[in-house]
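Tertiary structure, described
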Amino acid sequence: MELDWSMMRKMAVADEGITGNSSSLSTRPKVVNIGALLTVNSVIGRSVKPAILAAVDDVNADTSILGDTHLNLILHDTNCSGFIGTMGALELMEKDVVAAIGPQSSTIAHVISHVVNELHVPLLSFGATDPTLAALQYPYFLRTTQNDYYQMAAIANIIEYFEWKEVIAIFVDDDYGRNGVSSLGDLLAQKRAKIAYKAALTPGASVDDKTEVLTAVNLMESRVYVVHVNPDTGLEIFAVAKKLGMMTSGYVWITTEWLPAVLDSSAPPDFTSTVAAPLQGVLSLRQHTPDSDLKKSFTTKWKNIKSKETSSFNSYALYAYDSVWLLARALDTFFKSGEGITFSADPNLKNTSGSELRLSALKTFNEGPRLLETILSTNFTGVTGEFRFDQDKNLVHPAYDVLNIVGTGFRTIGYWSNRSGLSVNPPEKLSVKPLNSSANAKRLYGVIWPGETNVKPRGWVFPNNGKPLRIAVPYRHSYKEVVTKDVRSPQGVRGYSIDVFEAAVNLLPYPVPRKYILYGDGLRNPSYSNLVAAVADNAYDAAVGDITIITSRTRIVDFTQPYMESGLVIVVPVKKSKTSPWAFLKPFTIEMWLVTGGFFLLVGFVVWILEHRLNHEFRGPPSQQVITIFWFSFSTMFFSHRENTVSTLGRFVLLLWLFVVLIINSSYTASLTSILTVQQLTSRIEGIDGMISSNEPIGIQDGSFAHNYLVQELNIAESRIRPLKDRTDYINALRLGPNRGGVAAIVDELPYVEIFMSSTKCEFRIVGQEFTKSGWGFAFQRDSPLALDLSTAILQLSENAELQRIHDKWLTTSSCSTQAEIEVNSLSLSSFWGLFLICGIACCISLSIYVCRVLCQYRRFNPALEQSHDIPEPEPDSARRSSRRTLKSTSFKDLVEFYDKKEAEIKEMLRRHKRQVNGHNEHNGSPD
């Protein structure tokens with residue numbers, strides 16, 4: 001009662017001060033009325049009320065702030081009721097308050113904001129954290145605590161850090177709960193996670209209501225729960241969860257700042273083991289307030305407060321304390337700028353006839369817009385740290401402590417700030433040094449999870465609702481080795497894909513209840529794109545089969561690691577080359593044969609010329625020499641010539657020619673072998689380029705993605721594409737060919753083609769290379785955790801060779817070559833003209849050198865020496881010079897006769913002639 005009388009005395013003084021304000025604006029008022037709205041009997045109220053009273057006392061005691069002006073606090077208890085809170089706000093407005101501290105409830109803040117907007121009274125809320133209150137709709141609402149948007153961003157970062165994809169939100173169904181969870185959903189979506197279910201609790205829900213809600217969520221898949229409720233009833237949720245066995249290993253509980261608000265207000269011995277038992281392993285967030293001397297001073301002051309109802313305080317008390325100081329400093333600046341306080345009647349508020357609401361008693365604060373601007377521009381350091389608004393009217397530097405409840409207390413495992421995200425370093429330290437954005441930077445310390453384990457929970461289980469996993473299986477018409485219906489199996493399906501999936505599931509550390517559902521009628525292959533779309537639309541939980549992983553499908557579902565490599569290939573028919581008695585002539589073209597034969601004769605003739613005068617094997621009657629030329633020429637083809645070459649030039653020409661012959665022989669042998677054994681393509685399509693440029697029809701497997709790929713990616717006319725149902729259609733279409741209603745080629749995935757070719761006796765071949773690279777995988781709904789676990793299991797199957805064993809059990813491979821041998825063309829002169837050119841040049845050079853030598857000898861040769869061995873009469877020098885033969889006086893017959901002589905005879909005659917001339921010169925020069 002002592003507080004009530006004190007407040008009444010202050011209210012009386014306030015009336016005098018305000019009346020004085022109206023008459024003199026230049027004089028500061030003695031008393032300024034400020035309001036406070038809070039639920040006194042609540043977790044937050046029991047901490048905030050003493051803090052607000054202490055702040056008012058401290059401001060009034062500090063003459064450096066408002067001088068002789070005192071703050072008069074008018075406190076109203078909203079009693080956790082939106083209606084009572086609204087009435088209390090109207091009563092405050094009747095007292096001509098210049099600002100109000102509170103409320104702590106977001107629901108009440110929404111209503112009161114409309115009142116203060118009309119009356120121009122700033123509203124400084126230390127507890128209304130609803131993100132939507134930051135809208136431009138509420139210009140006079142100032143949040144002097146952190147926006148829940150940042151708190152939800154911190155939770156989203158924690159979800160991402162632990163790699164969970166789905167959470168269940170448990171929240172109170174009011175403005176505070178709904179809008180906070182809505183922000184969480186938006187932030188999780190940015191990180192490819194989602195809220196799988198929103199479990200709403202009515203405000204003031206009973207224990208039975210909470211039991212019903214928790215029982216329902218316990219039957220669901222996700223085991224990550226985010227609890228966003230009011231502090232006064234939140235602990236009951238964990239008490240119920242403890243009874244339901246939901247605080248054991250495998251569960252994850254994350255709460256917003258309401259839980260630390262409870263625990264901080266219940267310091268030991270209030271925070272007993274009974275209270276803490278249901279909370280073991282819970283993660284929670286608390287508004288971060290840096291340690292400082294001001295905070296320590298407030299802690300000391302709190303211990304000396306006698307009227308407090310709690311042994312400790314929570315963060316809301318700190319923000320409420322700073323809110324009062326913010327208002328006091330703003331008022332000080334406001335008054336120093338020469339402003340005063342006046343109120344005037346609002347013409348929009350009139351008493352209605354017969355109404356007792358007295359709306360006309362509500363007056364507008366004329367200087368409210370100016371005071372609002374002053375508050376927004378005020379900047380100081382309080383017990384919560386730097387206190388300043390950004391352009392969106394949110395406090396700067398939002399940050400939270402990440403807490404882990406252990407034993408009878410909690411441990412700080414990290415921090416979150418809007419600047420650095422998760423970190424083990426306090427935000428104030430990170431603000432003065434560069435951020436460490438490396439992947440190895442430690443972001444959180446280890447967590448002790450429910451069940452007293454430090455192993456990170458998987459975050460999901462198969463729901464305990466008795467519903468197995470709905471798995472769609474394509475009911476194929478063709479290639480039933482891959483997957484098909486099986487009436488004799490309990491599963492109802494069989495095939496290669498089923499065995500791979502079952503083997504992978506058996507490697508998982510948890511059971512997977514499942515039910516296979518056939519997709520399609522079995523009369524034709526179903527559309528796999530439609531099957532994937534059905535999984536994305538939640539018609540099925542997964543699809544198991546030969547589902548090709550392509551870009552368009554990965555946009556709507558998640559695939560496992562490919563268990564089979566695949567890619568599109570082109571299949572065409574082939575035929576054996578028909579044998580011919582003249583097949584030995586096919587390796588070379590006619591031009592090549594003629595040039596080769598001509599060079600055989602040319603080289604033989606050149607070698608005969610070079611060897612004729614020196615080698616007796618190249619001499620004899622003309623007929624014998626002609627035979628020798630032909631024999632020598634063609635015997636070099638087999639390196640079996642028996643004639644030896646003795647001249648240097650002849651050996652040079654023969655050496656080059658034998659090299660040419662070696663190349664020609666090798667090429668001929670290889671070409672003839674290919675011609676006699678090769679399978680020739682009957683289609684003109686020899687690869688992807690030929691297929692695109694051709695206008696002939698192309699076959700594809702019915703239901704395959706190849707149709708869209710050919711039309712959309714390769715721009716092939718849809719009229720050219722022929723869907724084929726099974727292997728029989730494949731064989732018939734390829735055999736008929738495009739001219740008889742069939743197809744020129746078939747485009748299909750490599751695994752199917754290998755199965756097809758294994759039963760066709762090498763009648764068909766693959767041409768070109770694979771022009772897509774993909775694989776078969778199992779499809780799951782987006783963000784399904786099973787996709788990741790099964791991918792790991794498939795890798796294990798591959799490493800232990802189990803995947804290959806399953807492949808060999810179901811799928812046979814073709815013994816034929818997978819690539820078609822291209823039809824061998826005859827070798828033309830263009831491939832060998834370089835060799836012939838080198839050989840021809842060598843022949844020309846050798847002949848030129850030889851002819852020059854012969855002509856030089858012929859000029860020195862005198863036929864008279866051959867007819868007489870007597871010493872000729874001496875001739876004058878002029879006569880001897882004229883005795884040299886000239887080419888002009890030489891007949892072709894003489895030249896041929898000279899060439900036909902042996903080299904040794906010519907040299908002997910020239911030596912004898914030289915000796916005779918030298919002897920005659922000596923005789924003429926001796927004395928008589």
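Attention here is on the structure that accompanies the text. Counting restarts for each chain, with residues numbered from 1 along the sequence as it is written. Reporting of local features is limited, given that this is a predicted model, to residues whose pLDDT is at least 70; pairs of side-chain atoms are given and counted only at 80 or more, and all residues count toward the totals for whole chains, interfaces and linings. Hydrogen atoms and water are omitted, and side-chain values are computed over all heavy atoms in the structure.

Our focus in this paragraph is the overall build of the protein. Numbering of helices and strands runs from the N terminus; a helix is a DSSP stretch of H or I covering at least four residues, while a strand is a stretch of E covering at least two. Counting secondary structure elements, the protein contains 32 helices and 31 strands. Working definition: with a 1.4 Å probe on protein chains only, accessible area under 20% of the residue-type maximum means buried, over 50% means exposed, and in between means partly exposed. Residue burial in the protein is summarised as follows: out of 928 residues, 51% are buried. For the protein, the share of sequence-separated contacts (at least 6 apart) that also reach a separation of at least 24 residues comes to 74%. To measure how exposed things are, a 1.4 Å probe is used in the Shrake-Rupley method; for residues, cover is taken only from the protein chains shown. Surface summary for the protein: the accessible area is close to 44400 Å², and the carbon and sulfur share equals 54%. For this analysis, residues touch if any pair of their heavy atoms sits within 4.5 Å.

Its location among the elements puts Tyr563 in the loop between β23 (557-559) and β24 (564-566). On the basis of relative accessible area, Tyr563 is assigned to the buried category, the value being 4%. In this structure, the C-alpha to C-alpha distance between Tyr563 and Asp546, residues 17 residues apart in sequence, is 9.5 Å. Setting aside residues up to four positions removed in sequence, Tyr563 forms contacts with Tyr496, Ser497, Val500, Gly545, Asp546, Trp776, Gly777, Phe778, Ile794 and Leu803. Here Gly545 takes part through its backbone oxygen, which lies 2.6 Å from a polar atom of the side chain of Tyr563. Between N or O atoms, a polar contact is any pair within 3.5 Å; within protein, one atom must be a potential hydrogen donor and the other a potential acceptor, and residues adjacent in sequence are included only when both atoms are from side chains.

Attention shifts here to the sheet that holds strand β6 (residues 166-172). Strand order in the open sheet made by the eight strands is β7-β6-β8-β9-β10-β15-β16-β17, with mixed pairing throughout. Only two strands of the sheet have a single neighbouring strand rather than two, namely β7 (194-201) and β17 (421-423). Ignoring strand direction, the axes of neighbouring strands in this sheet form an average angle of 25 degrees. Any two strands with at least two DSSP-identified bridges between them are counted as paired. The pairing of strand β16 (residues 409-417) with β17 spans three bridges and is classified as antiparallel. Along β17, the bridge assignment pairs Tyr415 with Ser423. Interaxial angle, 0 to 180 degrees, is taken between N-to-C directions of lines fitted to C-alpha atoms, where a helix line uses only the stretch in contact.

Further remarks concern the packing of helix α4 (residues 82-94) against helix α5 (residues 106-119). Two elements in contact, α4 and α5, have axes separated by 9 Å at closest approach and are oriented at 20 degrees. When the axis of α4 is compared with that of α5, the two are roughly parallel. In the packing of α4 onto α5, the handedness of the crossing is right-handed. Where α4 approaches α5, its residues Gly82, Gly85, Thr86, Ala89, Leu90 and Met93 are matched on the opposing element by Ile108, Val111, Ile112, Val115 and Leu119. Residue classes follow a fixed rule: Ala, Val, Leu, Ile, Met, Phe, Trp, Tyr, Cys and Pro count as nonpolar, while Asp, Glu, Lys and Arg count as charged, and any other residue, Gly among them, counts as polar. Here the contact of α4 with α5 is composed, by residue class, of eight nonpolar, three polar and no charged. In these notes the angle categories are as follows: under 35 degrees is roughly parallel, over 145 is roughly antiparallel, 65 to 115 is roughly perpendicular, and the rest is oblique. Put simply, a crossing is left-handed when the front helix is turned counterclockwise from the back one by less than a right angle, and right-handed when it is turned clockwise.

Another point: helix α25 (residues 750-757). Burial within α25 is extensive, with seven of its eight residues counted as buried. Buried residues of α25: Leu750, Pro751, Tyr752, Val753, Ile755, Phe756 and Met757, and no others.

Here, a disulfide means two cysteine sulfur atoms that sit within 2.5 Å of each other. A complete count under the given rule lists zero disulfides for this structure. In this structure Cys843 is a free cysteine whose sulfur lies 4.4 Å from that of Cys839, the closest cysteine sulfur available.

Another aspect to go through is the nonpolar core. For this analysis, a nonpolar core means a set of buried residues of the types Ala, Val, Leu, Ile, Met, Phe, Trp, Tyr and Cys, connected via side-chain atoms within 4.5 Å. In this structure, Ile52, Leu71, Val98, Phe126, Leu331 and Ile375 are the most contacted members of the largest nonpolar core, which totals 76 residues. It is helix α13 (residues 315-336) that provides the largest number of residues to this core, a total of 15 residues. If you look at the next biggest cluster of nonpolar residues, it comprises 53 residues, including Ile471, Met757, Phe780 and Ala787.

The pairing test for Phe, Tyr and Trp rings, Trp by its six-membered ring, is centres within 6.5 Å, and the orientation test on the planes gives stacked under 30 degrees, edge-to-face over 60, and tilted for anything in between. Applying the stated rule across the entire model yields 36 aromatic pairs. When the centroid spacing of 5.2 Å and the interplanar angle of 85 degrees are considered together, the rings of Phe501 and Phe778 count as edge-to-face. One end of the pair, Phe501, is in helix α16 (residues 496-506); the other, Phe778, is in strand β31 (residues 774-781), and 277 residues separate them in sequence. Like Phe778, Phe501 is buried. Among the aromatic side chains, those forming a connected cluster through ring pairs are Tyr479, Tyr496, Phe501, Tyr516, Tyr563, Tyr730, Tyr752, Phe756, Phe764, Trp776 and Phe778. For a ring to carry a charge above it, either NZ of a lysine or CZ of an arginine must fall within 6 Å of the ring centroid while also lying within 35 degrees of the normal to the ring plane. Sitting over the ring of Trp460, Arg458 keeps its end group 5.0 Å from the ring centre.

Before going further, it helps to spend a moment on helix α8 (residues 207-218). Take the residue count of a helix, subtract one, and multiply by 1.5 Å to get its expected span. With 12 residues, α8 extends 16 Å from end C-alpha to end C-alpha; this agrees with the ideal 16 Å at 1.5 Å per step. On its buried face, α8 sits against β6, β7, β8 (224-228), α9 (234-243) and β9 (252-255).

This brings us to a nonpolar patch on the surface. Residues qualify for a patch when their relative accessible area is over 30% and they have no salt bridge, like charges being joined within 9 Å and the nonpolar side chains of Val, Leu, Ile, Met, Phe, Trp and Tyr within 5 Å. For this document, the term salt bridge refers to a Lys or Arg side-chain nitrogen within 4 Å of an Asp or Glu carboxyl oxygen. On the surface, Trp833, Leu837, Ile841, Ile845 and Ile849 cluster together to form a nonpolar patch covering roughly 490 Å² of accessible area. Mapped onto the fold, Ile845 is located in helix α28 (residues 833-860).

Attention now moves to unusual backbone geometry. When glycine is set aside, most residues are seen to have a negative phi, and most peptide bonds are trans. Looking along the chain, the bond that leaves Gly102 and enters Pro103 is cis, with omega of 0 degrees. Within the secondary structure, Pro103 is located in the loop between β3 (99-101) and α5. Not every positive phi belongs to a glycine, and Asn538 is a case in point at roughly 70 degrees. Here Asn538 shows up in the loop between α17 (528-536) and β22 (542-548).

Right, let's get into the side chain of Ser106. If you trace the backbone, Ser106 turns up in helix α5. Apart from residues no more than four positions distant in its own chain, Ser106 is found in contact with Ala128, Thr129, Asp130, Leu133 and Tyr176.

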